[in-house]
Amino acid sequence: MVALSVILTRFLSIKITFGSVEGVRIGLGVFPTILAGLRLGSWQGGKVGAAADILGYLMSPGGAYVPFFTMISACYGVIPPLLIGKRESASIARIYLSVFLTYFLLNMFATPYVLFLYFGIPYKVLVV
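A brief structural summary. (Residues numbered from 1 in each chain as written. Predicted model: local features only at pLDDT ≥ 70, side-chain atom pairs only at ≥ 80, totals over all residues. Heavy atoms only, no water.)

## Observations concerning the overall build of the chain
Next, step 1: Secondary structure assignment for the chain yields six helices and two strands.
Next, step 2: Counting from the amino terminus, helix and strand elements in the chain follow one another as α-β-β-α-α-α-α-α.
Next, step 3: At 14 Å, the chain has a C-alpha radius of gyration in line with the 14 Å of a compact globule built from 128 residues.
Next, step 4: For the C-alpha atoms alone, the extent of the chain along its principal axes is close to 45 × 30 × 20 Å.
Next, step 5: When the 128 residues of the chain are sorted by exposure, 36% land in the buried category.
Next, step 6: Considering only residue pairs separated by 6 or more positions, the chain has 59% of its internal contacts joining residues 24 or more positions apart.
Next, step 7: Carbon together with sulfur atoms contributes 73% to the accessible area of the chain, which is approximately 7,700 Å² in total. (Helix = DSSP H or I, 4+ residues; strand = E, 2+ residues; numbered from the N terminus. Rg over C-alpha atoms; globule rule 2.2 N^0.38 Å. Buried < 20%, exposed > 50% of the residue type's maximum accessible area, 1.4 Å probe, protein only. Contact = heavy atoms within 4.5 Å. Areas by Shrake-Rupley, 256 points an atom, 1.4 Å probe, with all protein chains shown as cover.)

So this is what it looks like as structure tokens:
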């Protein structure tokens, strides 16, 4: 799952830069991390997300290393299983909702905020 996430994130995604900083990345790289969290649990999903971010940075650095991006990547594996609760009682709708909420919150608030703090990219521009 780590390798699949690195390949999908670093090599098979569309990157939009603001100046010299990668501001927006469109791709499917977080879904292996989410899947690892849903199948193996929050702890394993978080480890997959963190390892994928660190390994991806080492293979293809796109600027300065920012530890908060590693934490955000780990959150993709941690949050959905926590929102679902017990796997035995999880419905498909509940799984989709947890994945959507995680993806929406992290992409619309956490990532733009970190880009604003570290690189000064206007928050409103990134959210739009």
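## Some words on the side chain of S5
Next, step 1: With respect to the helices and strands, S5 occurs in helix α1 (residues 2-11).
Next, step 2: For S5, the side chain forms a polar contact with the main-chain oxygen of G29, separated by 2.8 Å.
Next, step 3: In this structure, S5 is in contact with G29, P32, T33 and A52, ignoring residues within four places of it in sequence. (Polar contact = N/O pair within 3.5 Å; in protein donor to acceptor, adjacent residues only side chain to side chain.)

## Overview of the packing of helix α2 (residues 31-40) against helix α4 (residues 67-84)
Next, step 1: Their axes nearest at 8 Å, the elements α2 and α4 cross at an angle of 40 degrees. Accordingly, the angle class assigned to the pair α2 and α4 is oblique. Seen along the crossing, α2 lies across α4 with a hand that is right-handed. On the side of α2, the interface is formed by T33, I34, G37 and L38, while α4 contributes S73, Y76, G77, P80, P81 and I84.
Next, step 2: Within the contact of α2 with α4, the residues separate by chemical class into six nonpolar, four polar and no charged. (Axes fitted to C-alpha atoms, helices over the stretch in contact; angles between N-to-C directions. Parallel < 35°, antiparallel > 145°, perpendicular 65-115°, else oblique. Left-handed = near helix turned anticlockwise from the far one by under 90°. Nonpolar A, V, L, I, M, F, W, Y, C, P; charged D, E, K, R; others polar.)

## Quick look at the packing of aromatic side chains
Next, step 1: Applying the stated criterion across every chain yields a total of seven aromatic pairs.
Next, step 2: Ring geometry for F31 and Y103: centres 5.7 Å apart, planes at 15 degrees, overall stacked. Here Y103 lies in helix α5 (residues 92-119) and F31 lies in helix α2, a separation of 72 residues in the sequence.
Next, step 3: Since its relative accessible area comes to 35%, F31 is described here as partly exposed. (Phe/Tyr/Trp six-rings, centres within 6.5 Å; stacked < 30°, edge-to-face > 60°.)

## Digging into the layout of surface pockets
The rolling of a water-molecule-sized probe over the atoms marks out the regions of remaining empty space.
Next, step 1: In this structure, the second largest pocket spans a volume of roughly 180 Å³.
Next, step 2: G37, L38, R39, I84 and R87 are, among the 13 residues lining the second largest pocket, the residues nearest its centre.
Next, step 3: Contributions of two or more residues to the lining of the second largest pocket are made by α2 and α4.
Next, step 4: If one sorts the elements of the lining of the second largest pocket by residue count, α2 sits on top with four residues.
Next, step 5: Its residues assigned to classes, the lining of the second largest pocket shows seven nonpolar, four polar and two charged. (1 Å grid on protein atoms, 1.4 Å probe; cavity = no way out; pocket = protein on both sides within 12 Å on 5 of 7 lines; lining within 4 Å. Points joined across faces, edges and corners; volume = space filled by probe spheres on them.)

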